[in-house]
Amino acid sequence: MGTKFGTSLVTPFLFLLLSHVVFSTTNDGLVRIGLKKMKIDQKCHMNRRSNANEQEETPGGPIRKYHLRGNLGDSEDTDIVALKNYMDAQYFGEIGIGSPAQKFTVIFDTGSSNLWVPSAKCYFSVACFFHSKYKSSQSSTYTKNGKSAAIQYGTGAIAGFFSQDHVTVGNLVVKDQDFIEATKEPGITFVAAKFDGILGLGFQEISVGNAVPVWYNLVNQGLVTEPVFSFWLNRNTEGEEGGEIVFGGVDSNHYKGEHTYVPVTQKGYWQFDMGDVLIGGETSGFCASGCSAIADSGTSLLAGPTTVITQINHAIGASGVVSQECKTVVEQYGKTIIEMLLAQAQPRKICSQIGFCTFDGTHGVSMGIESMVNEKLEMTSDGVHDAACTACEMAVVWMQNRLRLNETEDQILNYVNELCERLPSPSGESVVQCDALSSLPSVSFTIGGKVFDLAPEQYVLKVGEGVAAQCISGFIALDVAPPRGPLWILGDIFMGRYHTVFDYGNSTIGFAEAA
């Protein structure tokens, strides 16, 4: 679950959602959950086995082949409902809690690890009045817990208490699952949401209260054949199917070729190492020596460090809010920075030597994705996250990259000033011209030695139709400080283009072109 996005030109919030599901299962323990895409209401204030497991080595790393027993698509339990949709921003599904099962619509979120739904004891939050509420008195399998719990997401917060009950996922019943009954949902974030709660598919390391996640219990209780789940998000706006999650395996109908797998480097999120980020086939100069990334089904867009996101938005002609701090730094100290770089000064120490930053080489903007991940996150900074320091650090990276191209001083300063003008607004959104998509460059990410491309029509979200249509850049800025950052969040824009396998058993994550 990530940050909310918005623009004054279109829907105020592009929330990070999954959409309505139907369930089916086969006799081998595989569960397919079909995701449905919901049309975004622009008036809304809201803005995701196998009988053979082969392995072979490739230049990009290990490749695994998962093949289903039979054709999941032939299941009589599948109920596909055609929904009108013009924007690939919402994917969510349905589960049951209790006996008999009380139905709830939830986000299937690989960026968090708890299950929560509104409680019948939620009396004073407006959001609870608009959504289904869990009633423990109506369940014969309810067990009282009562331990308090609170979660702070990038776009809202909930608080309540733990309870325990059976949870139905597809036709599988997870017994004695700990979950949170939300009694407080402050603000407007969840008021107009199309979902009731969130089902986290991250690791237990980031689970509030150290509650065992639903996915762990699906595995531990022997309800799935293999400890693997996979996402297919349909980005075809004309398609009736919104997508599917397969618990226990992979549906080979929804990807082409083979998956490229990389190891999970830090459990919590599904985090892995990512290589260079390319803009139009050329290096951005930021992740050439490596970055970290997470695959997050609960985030609609694609988030990354402000430095390179600004470069991307400049390259695609996205318009943001002018950063006066950035332009001031370039105007007053641009030539000095270039001279220091030419004199072989250490780039990471330049801003502290000039006086913008208070320490050498480890400064980063402290902006956590979720406070629940690690409330005691070790910071290498001294807490001074001055805008001028951030602007200076970005300018150094940009100038260093242009110097490699043997550009003149004037060319470099003009380029950096243009990037300053492309800095996004505080909410992170940028807008591009809809009629310019065919001329925009591709943006690519190197994972496991393989380059994964995103074409303009894949990284731009179009909202509305005709002359009222607006095109939103799928790239938004999010700065996470070391040691956890810099961190990229590959949300639905990336996962829609690339079928994603979450291999819990081998602690790896795999990507293949979606079919």
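The coordinates are above.
The rules behind these values
Residues numbered from 1 in each chain as written. Predicted model: local features only at pLDDT ≥ 70, side-chain atom pairs only at ≥ 80, totals over all residues. Heavy atoms only, no water. Helix = DSSP H or I, 4+ residues; strand = E, 2+ residues; numbered from the N terminus. Buried < 20%, exposed > 50% of the residue type's maximum accessible area, 1.4 Å probe, protein only. Salt bridge = Lys/Arg side-chain N within 4 Å of Asp/Glu carboxyl O. Pairing = 2+ DSSP bridges. Disulfide = S-S within 2.5 Å. Core = buried A, V, L, I, M, F, W, Y, C linked by side-chain atoms within 4.5 Å. 1 Å grid on protein atoms, 1.4 Å probe; cavity = no way out; pocket = protein on both sides within 12 Å on 5 of 7 lines; lining within 4 Å. Points joined across faces, edges and corners; volume = space filled by probe spheres on them. Nonpolar A, V, L, I, M, F, W, Y, C, P; charged D, E, K, R; others polar. Axes fitted to C-alpha atoms, helices over the stretch in contact; angles between N-to-C directions. Parallel < 35°, antiparallel > 145°, perpendicular 65-115°, else oblique. Contact = heavy atoms within 4.5 Å. Phe/Tyr/Trp six-rings, centres within 6.5 Å; stacked < 30°, edge-to-face > 60°. Polar contact = N/O pair within 3.5 Å; in protein donor to acceptor, adjacent residues only side chain to side chain. Patch = residues over 30% accessible without salt bridge, like charges linked within 9 Å, V, L, I, M, F, W, Y side chains within 5 Å. Areas by Shrake-Rupley, 256 points an atom, 1.4 Å probe, with all protein chains shown as cover.

Trainee: What is the right way to read the overall build of the protein chain from this model?
Mentor: For the protein chain, the count of helices and strands is nine helices and 30 strands. In the protein chain, which comprises 515 residues, the share counted as buried stands at 60%.

Trainee: Is there a simple way to think about the pattern of salt bridges in this case?
Mentor: Side chains that differ in charge, positive against negative, can pair when their charged atoms come close. Applying the stated criterion across every chain, the model contains four salt bridges. Close ionic contact of Lys256 with Glu513 constitutes a salt bridge, the shortest N to O distance being 3.8 Å. Taken as a pair, Lys256 in strand β15 (residues 255–263) and Glu513 in strand β30 (residues 508–514) lie far apart in primary sequence, 257 residues in all. Take Lys256: its relative accessible area is 46%, and that puts it in the partly exposed class. Overlapping salt bridges, with partners in common, bring together Lys256, Arg497 and Glu513 in one network.

Trainee: Help me out: how do you make sense of the sheet that holds strand β25 (residues 460–463) in this one?
Mentor: Where strands meet in a sheet, backbone hydrogen bonds hold them as pairs that are either parallel or antiparallel. As summarised here, the arrangement of the three strands in space is β22-β26-β25, forming an open sheet in which the pairing is antiparallel. Two strands bound the open sheet, and with one partner strand each, they are β22 (431–432) and β25. Of the strand pairs in this sheet, β25 and strand β26 (residues 470–473) are connected by four bridges, and their pairing is antiparallel. Looking at β26, one finds that Val460 is bridged to Ser473.

Trainee: When you look at the state of the cysteines in this model, what are you seeing that I'm missing?
Mentor: The bond known as a disulfide is covalent and runs between the sulfur atoms of two cysteines. This model, assessed by the stated rule, comprises six disulfides. The disulfide partner of Cys122 is Cys128, and the S-S distance across this bridge is 2.0 Å. The sign of the 85 degrees torsion about the S-S bond sets the Cys122-Cys128 disulfide as right-handed.

Trainee: Is there a simple way to explain the nonpolar core in this structure?
Mentor: General note: in soluble globular proteins, nonpolar side chains tend to be found buried as a group. Residues Phe108, Phe247, Phe445, Trp488 and Phe494 are the most contacted members of the largest nonpolar core, which totals 82 residues. The next biggest cluster of nonpolar side chains, apart from the first, holds 28 residues, and it includes Ile337, Leu341, Cys392 and Leu419.

Trainee: Sorry if this is basic, but what is going on with empty space enclosed by the protein here?
Mentor: Any empty space left between atoms is shown by rolling a water-sized probe over those atoms. A volume near 40 Å³ is recorded for the largest cavity. What lines the largest cavity is Ser113, Asn114, Leu115, Gln177, Asp178, Gly200, Ser207, Ala211, Val212, Pro213 and Val214. Here the lining of the largest cavity is composed, by residue class, of five nonpolar, five polar and one charged.

Trainee: What is the right way to read the packing of helix α3 (residues 306–315) against helix α7 (residues 409–421) from this model?
Mentor: Helix-helix packing is described using two parameters, namely the angle between the two axes and the distance between the axes. Orientation of α3 relative to α7, taken along the N-to-C sense of each, is 95 degrees, at an axis distance of 9 Å. Classified by the angle between their axes, α3 and α7 sit roughly perpendicular to one another. Side by side, α3 and α7 meet where Thr310, Gln311 and His314 of the first sit next to Tyr415, Glu418 and Leu419 of the second. Considering only residue class, the contact of α3 with α7 consists of two nonpolar, three polar and one charged.

Trainee: How do you make sense of the sheet that holds strand β18 (residues 277–279) when you look at a structure like this?
Mentor: Within the open sheet, the four strands sit side by side as β19-β18-β23-β24. Their pairing is antiparallel. Since the sheet does not close on itself, it has two edges, and those belong to β19 (282–283) and β24 (450–454), each with one partner. As defined by bridge partners, β18 adjoins β19 across two bridges and the pair is classed as antiparallel. Counterpart to Ile279 in the pairing with β19 is Glu282.

Trainee: Would you take a moment to explain unusual backbone geometry for this structure?
Mentor: Negative phi is the rule for most residues except glycine; trans is the rule for most peptide bonds. Ser99 connects to Pro100 through a cis peptide bond whose omega is 0 degrees. For Pro100, the location among the structural elements is in the loop between β6 (90–97) and β7 (102–109). One non-glycine residue, Gln344, lies in the positive phi region at around 70 degrees. Turning to its location among the elements, Gln344 is positioned in the loop between α4 (324–342) and α5 (350–354). A positive phi angle, near 55 degrees, is found at Ser507, a position not held by glycine. Examined against the element boundaries, Ser507 turns out to sit in the loop between β29 (498–503) and β30.

Trainee: I'm lost on the packing of aromatic side chains in this one. Help?
Mentor: One pair of aromatic rings is described through two measures. These are the centre distance and the angle between the planes. Using the criterion set out here, one finds 28 aromatic pairs in the structure. Between the aromatic rings of Phe203 and Trp270, the centroid separation amounts to 4.5 Å while the plane-to-plane angle is 40 degrees, which identifies the pairing as tilted. Within this pair, whereas Phe203 is found in the loop between β12 (197–200) and α2 (214–220), its partner Trp270 is found in strand β17 (residues 270–274), the two being separated by 67 residues in sequence. Per residue, the accessibility class of Phe203 equals that of Trp270, and both read buried.

Trainee: Help me out: how do you make sense of the side chain of Ser163 in this one?
Mentor: Its place among the elements puts Ser163 in strand β10 (residues 156–169). Separated by 2.6 Å, the side chains of Ser163 and Glu181 make a polar contact. Apart from the residues within four sequence positions on either side, Ser163 is in contact with Tyr142, Thr143, Asn145, Gln177, Asp178, Phe179 and Glu181.

Trainee: Help me understand a nonpolar patch on the surface, please; the structure alone is not making it clear to me.
Mentor: Side chains of Val126, Phe129 and Phe130 sit close together on the surface and give an oily, nonpolar patch of about 350 Å² of accessible area. With respect to the helices and strands, the residue Phe130 is situated in the loop between α1 (126–129) and β9 (143–153). Take Phe130: its relative accessible area is 56%, and that puts it in the exposed class.

Trainee: Help me out: how do you make sense of α3 in this one?
Mentor: The buried fraction of α3 amounts to nine of the 10 residues, a majority that puts the element mostly inside the structure. Restricting attention to buried positions, one finds in α3 the residues Thr306, Thr307, Val308, Ile309, Thr310, Gln311, Ile312, Asn313 and His314. After α3 finishes, the residue Gly317 shows a positive phi value of roughly 75 degrees.

Trainee: It is not clear to me how the pairing of strand β13 (residues 228–233) should be interpreted in this structure. Could you clarify?
Mentor: Note on strand geometry: in a regular strand, side chains alternate between the two faces of the sheet. In terms of burial, β13 is largely enclosed, as six of its six residues are buried. Judged by which residues are buried, β13 turns out to be covered on both faces: Val228, Ser230 and Trp232 on one side and Phe229, Phe231 and Leu233 on the other are all buried.

Trainee: Mind showing me how you'd approach the pairing of strand β23 (residues 443–447) here?
Mentor: Burial of β23 is extensive: five of the five residues sit out of reach of the surface. Of the two faces of β23, the one lined by Val443, Phe445 and Ile447 and the one lined by Ser444 and Thr446 are each fully buried. Sheet topology places β18 next to β23; three bridges connect them, and they run antiparallel. In the sheet register, Ile279 faces β23, and the bridge partner there is Val443. Pairing of β23 with β24 involves five bridges; the strand directions are antiparallel. Counted as the bridge partner of Thr446 is Val451 from β24.

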